[in-house]
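Remarks on the overall topology
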Amino acid sequence: MTTDAPALLPALEARVRQTAHARASACPCGAATLADRPDATVVRHGSTVAKAHAADVDPAELSLRVTAAARLPGVFLPPLAPVPVDLHGRLVTYWPYGTPVDPEDPDAAPWEAAATLLARLHRTPAPTPVPPMRGPAKAALAAARLRGTAPGHPATAPVLAAWAALPAWARGEAAMPDAATLCHGDLHLGQLIRHPAAAGPWLLIDVDDLGTGVPAWDLARPAAWYACGLLPPEEWHRFLTAYRACGGPAVPADGDPWPALDVPARALTAQTAARAVTKAALEGRPLDEVERSLVDACARMAAVRPAAPRS
């Protein structure tokens, strides 16, 4: 698929405006670019959002993921159209606008809502065939990019050592041990919105990594933040307690959750650290405090073998 990158953003803005006006005769015409990255360009016009997915996305797999989201009411934000469309070499999907989590108000972070949505997702059989969840594959891309971008950086060695200690499935080199559980694949608070906007219930967004796999992967990012000291214990416990209360299958109903979470949390720590070191190297700056804490966690991880999950 050939991409015409310079023409994409104005074309996407025109297309989302057209779609928004077709949906509502009294469109407020508020427009904004919500993201413009190599892997996603997202624009809003009124109550409509258009997303141009990564240029290398598999069309058949994206269609399956969009279809699955449409059939998961109350868990995923439903798409406005069931089939992605091509625009300047990029596949585009359309969605209703919702209110995102406020990054300036961490005390209001909807940890319980995120956990409840995940538990419901993990307990729901896939409503239509979907590919494997993309979490391990994305983590592998981050490690490969670090290896190619900053091989001589002093932080690269401990990050790659932690990565190499993971089992093959967590590095995207073998099939995942769970091939049936429906997973989000890239859970963080930026993947939740309220819809209808402002007062509606929280819903999951972003279908790019949706698929079947190890459900503990969806808990791994907050688990990793907690283990690295970046997420307060009370917030982690709110999240974990809500997930268990809703019958989430990724961890035991009580007792120590860490045997189930250890490998995915290590993988997310290594992925996040790899991205951080790559970004710092490209920007020619030293690591900041948070980035150093991630690299330090990788150094500790490399010295201790990952825990084997209990059967």
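Residues numbered from 1 in each chain as written. Predicted model: local features only at pLDDT ≥ 70, side-chain atom pairs only at ≥ 80, totals over all residues. Heavy atoms only, no water.

**Here's the deal with helix 6 (residues 216-227)**
When you tally the buried positions in helix 6, you get nine out of 12 residues, the bulk of the element. For helix 6, the complete set of buried residues consists of Ala216, Trp217, Asp218, Leu219, Ala220, Arg221, Pro222, Ala223 and Ala224. On its buried face, helix 6 sits against helix 3 (111-123), helix 4 (135-149), strand 7 (182-183), helix 7 (233-245) and helix 8 (258-283). (Buried < 20%, exposed > 50% of the residue type's maximum accessible area, 1.4 Å probe, protein only. Helix = DSSP H or I, 4+ residues; strand = E, 2+ residues; numbered from the N terminus. Contact = heavy atoms within 4.5 Å.)

**Overview of unusual backbone geometry**
Backbone torsion omega between His195 and Pro196 reads -5 degrees, so that peptide bond is classified as cis. The topology assignment puts Pro196 in the loop between strand 8 (192-194) and strand 9 (202-204). In this model, His88 sits at a positive phi of 50 degrees, which is unusual for a non-glycine residue. Mapped onto the secondary structure, His88 falls in the loop between strand 4 (85-87) and strand 5 (90-96). Positive phi, normally seen in glycine, also occurs at Ala198, with a value near 80 degrees. Positionally, Ala198 belongs in the loop between strand 8 and strand 9.

**Quick word on the environment of Leu231**
Here Leu231 shows up in the loop between helix 6 and helix 7. For Leu231, a relative accessible area of 6% puts it in the buried group.

**Structural notes on the sheet that holds strand 8**
Each strand in a sheet pairs with its neighbour through backbone hydrogen bonds, running either in the same direction (parallel) or in the opposite one (antiparallel). If you walk across this open sheet you meet the three strands as 6-8-9, and the pairing is antiparallel. Two strands in the sheet have a free side with no partner beyond their single neighbour: strand 6 (99-100) and strand 9. Relative to strand 9, strand 8 is paired through three bridges, and the arrangement is antiparallel. Bridging from a neighbouring strand, Leu192 pairs with Leu204 of strand 9. Set on the sheet, helix 3 makes contact with strand 8 and strand 9; between it and strand 9 the angle comes to about 50 degrees. (Pairing = 2+ DSSP bridges. Axes fitted to C-alpha atoms, helices over the stretch in contact; angles between N-to-C directions.)

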